[in-house]
Amino acid sequence: MHEAPPSPAGPTVSAPFFELGPKNLLRLPEIIEVGEAAQRAGAQHGVAVVLTVPTALIAQTQAALPGIFVFAQPMVSDGTGASVGRCIAESLVDAGARGVMLGHDSNPLEPAALALAVERAAANGLMTMVCAGSDEQALAIAELAPTIILYEPPQLIGGAGGTERPWIRGIDALVRDAAPGVLMMHAGGVGSPEDARRIMRLGAAGTGSTSGVLRADSPALAVGEFIAAVRFGFDEHLAGVTPNP
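Okay, so let's go over this structure. In this text, all values refer to a predicted model and were calculated from it rather than measured experimentally.

Rules used in this analysis
- Residues numbered from 1 in each chain as written.
- Predicted model: local features only at pLDDT ≥ 70, side-chain atom pairs only at ≥ 80, totals over all residues.
- Heavy atoms only, no water.
- Helix = DSSP H or I, 4+ residues; strand = E, 2+ residues; numbered from the N terminus.
- Buried < 20%, exposed > 50% of the residue type's maximum accessible area, 1.4 Å probe, protein only.
- Contact = heavy atoms within 4.5 Å.
- Polar contact = N/O pair within 3.5 Å; in protein donor to acceptor, adjacent residues only side chain to side chain.
- Axes fitted to C-alpha atoms, helices over the stretch in contact; angles between N-to-C directions.
- Parallel < 35°, antiparallel > 145°, perpendicular 65-115°, else oblique.
- Left-handed = near helix turned anticlockwise from the far one by under 90°.
- Nonpolar A, V, L, I, M, F, W, Y, C, P; charged D, E, K, R; others polar.
- Core = buried A, V, L, I, M, F, W, Y, C linked by side-chain atoms within 4.5 Å.

### Quick word on the environment of Phe17
Line of reasoning, step 1. Within the secondary structure layout, Phe17 lies in strand 1 (residues 17-20).
Line of reasoning, step 2. Residue Phe17 is classed as buried on the basis of its relative accessible area, which comes to 0%.
Line of reasoning, step 3. When sequence neighbours within four positions are dropped, the list of residues in contact with Phe17 reads Val47, Ala48, Ile148, Leu183, Met185, Ala205, Gly206, Thr207 and Val230.

### A few points about the side chain of His186
Line of reasoning, step 1. Relative to the helices and strands, His186 is located in strand 7 (residues 183-186).
Line of reasoning, step 2. His186 sits in the buried class, given a relative accessible area of 1%.
Line of reasoning, step 3. A polar atom in the side chain of His186 sits 2.7 Å from the side chain of Asp172.
Line of reasoning, step 4. Other than its neighbours up to four places away in sequence, His186 contacts Tyr151, Trp167, Ile168, Ile171, Asp172, Ile199, Ala204, Gly206, Thr207 and Gly208.

### Observations concerning the packing of helix 5 (residues 135-142) against helix 6 (residues 168-178)
Line of reasoning, step 1. Two elements in contact, helix 5 and helix 6, have axes separated by 9 Å at closest approach and are oriented at 20°. As judged from the angle between their axes, helix 5 and helix 6 are roughly parallel. By crossing handedness, the relation of helix 5 to helix 6 is classed as right-handed. Contacts between helix 5 and helix 6 involve Asp135, Ala138, Leu139 and Ala142 on the former and, on the latter, Ile171, Leu174 and Val175.
Line of reasoning, step 2. Looking at side-chain class alone, the contact of helix 5 with helix 6 contains six nonpolar, no polar and one charged residues.

### Some points on the nonpolar core
Line of reasoning, step 1. By size, the foremost hydrophobic cluster in this structure holds 76 residues, and its most contacted members are Val13, Phe18, Met75, Leu92 and Ile149.
Line of reasoning, step 2. Per-element accounting of this core gives the leading share, seven residues, to helix 1 (residues 28-45).
Line of reasoning, step 3. The contact partners of Met75, leaving out residues within four places of it in the chain, are Cys87, Ile88, Ala89, Leu92, Val100, Leu102, Leu109, Ala117, Arg120, Ala121 and Leu126.

Written out as structure tokens, the structure is:
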């Protein structure tokens, strides 16, 4: 009887961090190309990088980009068994994933299934990035103690950027009181590096962008600019720089 492979080990995501989620917009060579640029920029600026990829590409992506945290896009709460076509935590571990995104607006889970998925991911050593679209959802998710809460109002997803986010400080404080170890990430409509900088300057642990990076003339160049902005904004927050009104 074969022994189960070990759960993922090593460093975990910490602030400041940047997440790029290419959805199904890119093929593997393109993911590796932009990922290599993100890996370089992350090392240069001291920013952790999360790359959320389709399940079929996890192993090759993580092998090619050892300095990046590769997360899966979906996961179900099932355990090992006779199910077909369902991605379970153990399969993600075997593929080399470091974590999983759960509850994205395009792939929602019912509350009970979400809670079980977070529990099963944690039991298998996977980090979890759980999506919230409102203060109420964020506080409910905080009770599950995920690694990261991705706060992303649905109306901002895919937006052009430039949106003020006065809610960041308030909801971050509430989540910090409820679950001190949870990292708060704010995204949705992060269209430019300046958007990323403003978010980080307000105290977020991380942010991310898909359209802002992938719509650029050079995604590899753009991802480096976003990551530099994350560092700049995070340092401004630590220094007590007052955000622009």
